[in-house]
Amino acid sequence: MRPAGIRSRGSHHSIPIGYNLPDGTRLFPVQTAPAPAPAPAMNKKHKKQLDVARKKLAQLQQQLAGSRKQMDDADELRRFEAEVKQLEAQIEKILQSE
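How each quantity is defined
Residues numbered from 1 in each chain as written. Predicted model: local features only at pLDDT ≥ 70, side-chain atom pairs only at ≥ 80, totals over all residues. Heavy atoms only, no water. Core = buried A, V, L, I, M, F, W, Y, C linked by side-chain atoms within 4.5 Å. Buried < 20%, exposed > 50% of the residue type's maximum accessible area, 1.4 Å probe, protein only. Helix = DSSP H or I, 4+ residues; strand = E, 2+ residues; numbered from the N terminus. Contact = heavy atoms within 4.5 Å. Salt bridge = Lys/Arg side-chain N within 4 Å of Asp/Glu carboxyl O.

## Comments concerning the nonpolar core
Met42, Leu50, Ala53, Leu57, Leu60, Leu64, Leu77, Phe80, Val84, Leu87, Ile91 and Ile94 form the largest nonpolar core, which has 12 residues in total. Among the elements of the structure, α1 (44-70) and α2 (74-97) are those that each provide at least two residues to this core. In terms of residue count, the dominant contributor to this core is α2 (6 residues). Contact partners of Ile94, with chain neighbours within four places excluded, come to Met42, His46, Gln49 and Leu50.

If you want it as structure tokens, here you go:
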């Protein structure tokens, strides 16, 4: 049984994370992790554009990998690379607009 005032991280952990004294001070100070940065708020239109661009980018990257393995048409390889760069720029633009 734990003394009054000691809390543990969960029922299966026995490591105390703090003990509150009557004057409000803590016997074992708790270090907290910094809060994660909030994600930028995006409207539905930007979310949809981002989702479509990411799906198309994934498909183009697969086609680019296949084109590099096969190497039938050098123009096709350059076209895929250009489209990938264009989509990456579009994704970055969408993320920066919010």
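The rest of the description comes next.
## As for the pattern of salt bridges
Tallied over the full model, the rule gives 4 salt bridges. The salt bridge involving Asp75 is made with Arg78; its shortest N-O contact spans 2.5 Å. Residue Asp75 and its partner Arg78 are both found in helix α2; the two are separated by 3 residues, about one turn of the helix. Residues Arg79 and Glu83 are paired through a salt bridge, measuring 2.9 Å at the closest nitrogen-oxygen approach. Here Arg79 and its partner Glu83 are both found in helix α2, 4 residues apart, which amounts to about one turn of the helix.

## Topic: the environment of Arg54
Within the fold, Arg54 resides in helix α1. For the pair Arg54 and Glu88, spaced 34 residues apart in sequence, the C-alpha to C-alpha distance is 8.5 Å. Not counting residues within four places of it along the chain, the set of residues in contact with Arg54 comprises Ile91 and Leu95.

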